[in-house]
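Here is how the chains run, residue by residue.
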Number of protein chains: 2
Amino acid sequence: MNIEDKNGATVLHRTQVQAPRRSWRTWLIGRPLPTADAPHQTIGKLLGLAIFASDALSSTAYATQEIMIILAAAGAAALGYTFPISIAIVILMVVVTISYEQTIYNYPGGGGAYIVSRDNLGSKAAMVAGAALLTEYVLTVAVSISSGVAQISSAFPDLFPWRVQIGVAMVLLVMLINLRGVKESGTAFAIPSYFFVIMMFITIGVGLFRYFTGTLGTVVNPPEMHSFGEAAMIGPFLILHAFSSGTAAMTGIEAISSGITAFKEPRSRNAGITLLWMIAILGSMFLSISFLVGPIGAVPSEQETVISQLARTVFSDANFLYLLVIAGTSVILFLAANTAFAGFPRLSAIQATDGFLPRQLAFRGSRLVYSRGIVALAFLGAALIVIFQASVTRLMPLYAIGVFLSFTLSQTGMARRWWKVGHLRPGEEVREAGSVLRYDPRWRGKMILNGIGALLTLVVVFVFAITKFVDGAWVVILLIPALVLLFSRINAHYRRLAEQLSLEDYGAPPRIVRHRVLLPLGGVHRGTLRALSYARRLSDDITAVHVSIDPEETERLQEKWLDWGDGVRLVILESPYRTFLEPLLEYIDTIDATRQPNEVITIVVPEFVPRHFWANLLHTQTALTLRWALLFRRGIVITSVPYQVD
Amino acid sequence: MNIEDKNGATVLHRTQVQAPRRSWRTWLIGRPLPTADAPHQTIGKLLGLAIFASDALSSTAYATQEIMIILAAAGAAALGYTFPISIAIVILMVVVTISYEQTIYNYPGGGGAYIVSRDNLGSKAAMVAGAALLTEYVLTVAVSISSGVAQISSAFPDLFPWRVQIGVAMVLLVMLINLRGVKESGTAFAIPSYFFVIMMFITIGVGLFRYFTGTLGTVVNPPEMHSFGEAAMIGPFLILHAFSSGTAAMTGIEAISSGITAFKEPRSRNAGITLLWMIAILGSMFLSISFLVGPIGAVPSEQETVISQLARTVFSDANFLYLLVIAGTSVILFLAANTAFAGFPRLSAIQATDGFLPRQLAFRGSRLVYSRGIVALAFLGAALIVIFQASVTRLMPLYAIGVFLSFTLSQTGMARRWWKVGHLRPGEEVREAGSVLRYDPRWRGKMILNGIGALLTLVVVFVFAITKFVDGAWVVILLIPALVLLFSRINAHYRRLAEQLSLEDYGAPPRIVRHRVLLPLGGVHRGTLRALSYARRLSDDITAVHVSIDPEETERLQEKWLDWGDGVRLVILESPYRTFLEPLLEYIDTIDATRQPNEVITIVVPEFVPRHFWANLLHTQTALTLRWALLFRRGIVITSVPYQVD
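Keep in mind it's a predicted model, so treat the numbers as computed, not measured.

This paragraph deals with the overall build of chain A. Counting its regular elements, chain A contains 21 helices and 9 strands. For 646 residues, the compact-globule formula gives about 26 Å, and the C-alpha radius of gyration of chain A, at 32 Å, lies well above that figure. Projecting the C-alpha coordinates of chain A onto the three principal axes gives extents of approximately 110 × 65 × 55 Å. Counting only carbon and sulfur atoms, one obtains 64% of the accessible surface of chain A, whose full area is about 27,400 Å². Here chain A contributes 52 positively and 43 negatively charged side chains, and the mean placements of these two sets differ by 8 Å.

See below:
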């Protein structure tokens, strides 16, 4: 169906055409979806909690253990500090949550740290937030999958030697699910999330009941205790170090603020309430676990997780309940990795649209998802699992510092925003990038709230950087500036390109006045004659060029050219060193030197196309080599005239 | 300097130009050499012996040991069979030598097995000989270097764990020497070769003297005895198996017949006499070693070679003489690998010229040597050393079967040749491919001599194949037919190509009557306008094509095109599945369907060329993608108009 468009262009509607043909990709990730199918369903609070909370809630599966593993360096007695440290973390969690509530109400269009920083603090801060968050998503995949595998191998110790392989396989599985698209996954998320929450509350409930009734025993056959680092004394450094590890419990609480648009109207209110529910569940679960590990005498270990020790002690011999807890914990950890697979591609698409990452990351794949970002995340996450041998403890020094950096930037951005709001006249409204600034008489209090959040999280960043620097935090501390540098180089490239391509102040388009054609010849045969007749269509000014390596061959070529060359001038370039490219480039240089401003030189290269791919190895790839050698010359166009050989 | 050539072509002499610029390659392998410098010096018998004998003579370093290692499977007593087996091998050696003497006199231009088979038995046999010899050259590198490293680690046991690394390093060193070129290496060869011969004769002489005077002791602290395979009884199979391993002593005796042209005139006579000297030295050295290992009670071992045990027993405490023997043996083994680096590239160049291997193998590199063949051999040899962990014994089942196969083919070819000679009239001369057939009244006797050689070596091939099949000979037995298949596929490709390119029976060259130009557009900017003005030069029939993924972007593009498109028709292709390539290919299909026989379609693709290579990652490589997708379509030419961005 052809339609004349209002601008006079012919528009070929292709709605009748079938979807692209089926292939192994169709089988793996499903049939392609047309753009019109873009998802637009919204969700309520119950479903929203299930979808956005898995990352945050799942961190209870390892946060307590990671506190203990640091304290263990000072001996078993030091484990008593686990609970107080957890209380401090929950207090911090509440402060950050209050800050985020404000963000949610102010950014109904989605207020991730990148957007809030970009809109309020400028592109530098946005790049830092972007770098921190992208790093963090990769680590979330590695940590969550590794912890999930650790839960499974606690119940089935035979699987322990296979943890890296299982971890990588899980990453690939989650990648495939995401390449298929998230549309179907809404309700699929709800069941395991709530199952985990219910199982954990049962465990905690029974545990607390038995504790208060005095019937709670201690861990039978506890595993060997692991600690991290050299033996140490209890002191401020160790306590802060353990605190830093415990902050892993706070990863994921920013998820809701980035995903507000997924909620039903009133969006901000629904999202805000969901965040409160989530923090209530997270805080109580984390505190209860950190409390119960004391009385049961759980020890941190790489062989058996603390969750596993807790569950089997609480349920004594009820192996079935124990297995349900392990299953629930593993599944929610895999779901947590899944949320990174939503966040990373979305953020990298936003950054690509802003010109900080390759544009290709902003293209939607055949299933309407940002496939390139999904594949990149899977590759990086799997690489981390292999490098760190699926050990949560060894990944921990890298984890969470990025999250806190993004908290700081996001809260600082909000504080800055309140400052601007405070300087509007009452009733005035200003539309900025993604949100609306409206005067609010309580701006001072809100600014202070966000300011406290920013300050506290900044302190945590420093505590983290200092206590964990040598353990591995230095990697992230070097990586983030490196990424920022990369982003700004990419951005500079795109900006320069746009300037140079711009048609503003551009006079008449260039007119080509002369057109010279060069025709490199290896021999005279049907392929070269075809190229010659093509060259004839382009210009009357044709020069055939032969690089002479073997004098006899050159002799034969010249004789044949007399018969078949159609009177076209032939230049023989002697090549005493048997090189092909150098004499030709030198000759092009001499021609180029006399080229007029509006003259174009086209090099027509006859190219064999064998039917079988392997046969390419039997030919020198002249066209390709020339293309690379001449890529940077202005005004030289390379045309390869294919000659198909059956 | 331009010269009008007799055929009217302009010849640009480039003798004034400097050699290609210096780079890391210059530093590594030396400055490029002009073609006129091709080596043409010839050598006498003494130098010829040194150059061509290293492969053959060096095999005495491992042949005796490999016989013993097989016999050892039947216990230490079985080692007594070493000497009788060696006598049988020397008898076979004499027969083969007589056969080869005849080849040398009949092929003064060089009569390797490949050429003799090709000229007398046809291309099938030649391919088999070529496959066998190429395989054998690779094995020669692996076996000789491994044995050389084994000699060194016999004297310095600390180096034993590093044998694979040392072996690979030696391969790379020999490769580099050969990439520099063989010109300088003539005399450099003579010294170590004669040094080895002298040291071995001193060792043997002293050894025999002490044996006959009854003062020869036995090996002090002999190493642990190694055997190959399961424990066995002495029987025909074991004896034949040991014999097969011992035939490794005969590898390399064909070298002189391939390299006759290197000798001074009278070439054949000089080469023939050199072969006799070589066999005399080889035979006496091999027999003496095989004899002496008995009385001194040497045992086969991977830790210490038999040569090392012999030398230290003969010289008792004279550590200095012992080290000289080890040094001489190691060096000649490395030289033996070097001869493979002469043979493999030369043979593969001949096969490439005949169209059985990729043509590139026949191109001489910057130092006038067949660099690609040299690098290929080094890669394959090093790979074998890594796979077989530099163990001569584990390489042995693959070694020598190819050599004997080539012996058989070469002798059969000679017998066939005598048959033809016998059917000429007296005095008649026939010129065939590489040699001259001249009537010889004694043709019957000579035919029988070559026939016996062919038969005996064929029997060895079968003995070898049967006794060593399971140990590894099956690899070679499968590999040779696979290579022959590959050669004939390659040959068929080149032949078909030549037919299709041939100008015989070719009428007028094709005339292009219509020329349509398609101009795919992603946006309207300076780059596309440049491509448009180029397209304007090509044809008046231009269609700009835009694949619409984002409707807003398409809208903007259309408006801009109205201003800048110079009236060229624009077609919008809707792409509901967000693919770029498929709608474009579909559109090209519809155009292609109405294409006239002499119409060409050119697709002009605007292409960004960023100044930095990495920036290419920031752009979709449309031109490249299109090129691949359209490679197999007839009559479609792709031109990319580069737009350099600074």
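Now, onward.
With that settled, the discussion passes to helix H2 (residues 45-58) of chain B. Residue and element names in this part refer to chain B. Over its 14 residues, H2 runs 19 Å from end to end, which matches the ideal 20 Å to within 8%, given 1.5 Å per residue. Where H2 bends most, the angle comes to about 50°, and this point is Phe52. The buried fraction of H2 is high, at 11 of 14 residues. Of the positions making up H2, those classed as buried are Gly48, Leu49, Ala50, Ile51, Phe52, Ala53, Ser54, Asp55, Ala56, Leu57 and Ser58.

The subject of this paragraph is the confidence of the model for chain A. Residues and elements named next belong to chain A. Mean pLDDT over chain A: 85, with 93% of residues reaching 70 or higher. Helix H11 (residues 267-296) holds the highest mean pLDDT among the elements of chain A, 93, whereas strand S1 (residues 2-4) holds the lowest, 60. Reported confidences for the modelled complex are a pTM of 0.71 and an ipTM of 0.74.

What follows is about unusual backbone geometry. All names here are of chain A. At the junction of Glu265 and Pro266, the peptide bond is cis and its omega measures out at -10° in the coordinates. Secondary-structure assignment places Pro266 in the loop between helix H10 (255-258) and H11. Unusually for a residue other than glycine, Ala390 sits at a positive phi of about 55°. Of note in this structure, Asp566 is not a glycine but carries a positive phi near 60°. Checked against the element boundaries, Asp566 lands in the loop between helix H19 (551-564) and strand S7 (569-574).

Mapping chain A onto chain B calls for a rotation angle of 180° and an axial translation of 0.2 Å; the resulting RMSD is 0.3 Å. The transformation just described matches what one would write down for a two-fold rotation axis. When each C-alpha of chain A is compared by its distance to the rotation axis, Thr639(A) comes out closest, at 2.2 Å. The residues that chain A uses at the interface reappear at the interface of chain B in 99% of cases, marking a shared surface.

It is worth spelling out the packing of helix H5 (residues 113-121) of chain B against helix H6 (residues 123-155) of chain B at this point. The relative placement of two packed helices comes down to the angle between their axes together with the axis-to-axis distance. All names here are of chain B. Contact pair H5 / H6: the axes reach a minimum separation of 7 Å and the direction vectors enclose 170°. Judged on the interaxial angle alone, H6 and H5 are roughly antiparallel. Residues Ala113, Tyr114, Ser117, Arg118 and Leu121 of H5 pack against Ser123, Ala125, Ala126, Ala129, Gly130 and Leu133 of H6. A class-by-class count of the residues in the contact of H5 with H6 yields 7 nonpolar, 3 polar and 1 charged.

About the thresholds
- Residues numbered from 1 in each chain as written.
- Chains lettered and ligands numbered in written order.
- Predicted model: local features only at pLDDT ≥ 70, side-chain atom pairs only at ≥ 80, totals over all residues.
- Heavy atoms only, no water.
- Helix = DSSP H or I, 4+ residues; strand = E, 2+ residues; numbered from the N terminus.
- Rg over C-alpha atoms; globule rule 2.2 N^0.38 Å.
- Areas by Shrake-Rupley, 256 points an atom, 1.4 Å probe, with all protein chains shown as cover.
- Lys, Arg positive; Asp, Glu negative; His and termini not counted.
- Charge placed at Lys NZ, Arg CZ, Asp CG, Glu CD.
- Expected span 1.5 Å × (residues − 1).
- Bend = angle between axes of the 7 residues up to and from the residue.
- Buried < 20%, exposed > 50% of the residue type's maximum accessible area, 1.4 Å probe, protein only.
- pLDDT = per-residue confidence, 0-100.
- Least-squares fit on C-alpha atoms with pLDDT ≥ 70 in both.
- Contact = heavy atoms within 4.5 Å.
- Axes fitted to C-alpha atoms, helices over the stretch in contact; angles between N-to-C directions.
- Parallel < 35°, antiparallel > 145°, perpendicular 65-115°, else oblique.
- Nonpolar A, V, L, I, M, F, W, Y, C, P; charged D, E, K, R; others polar.

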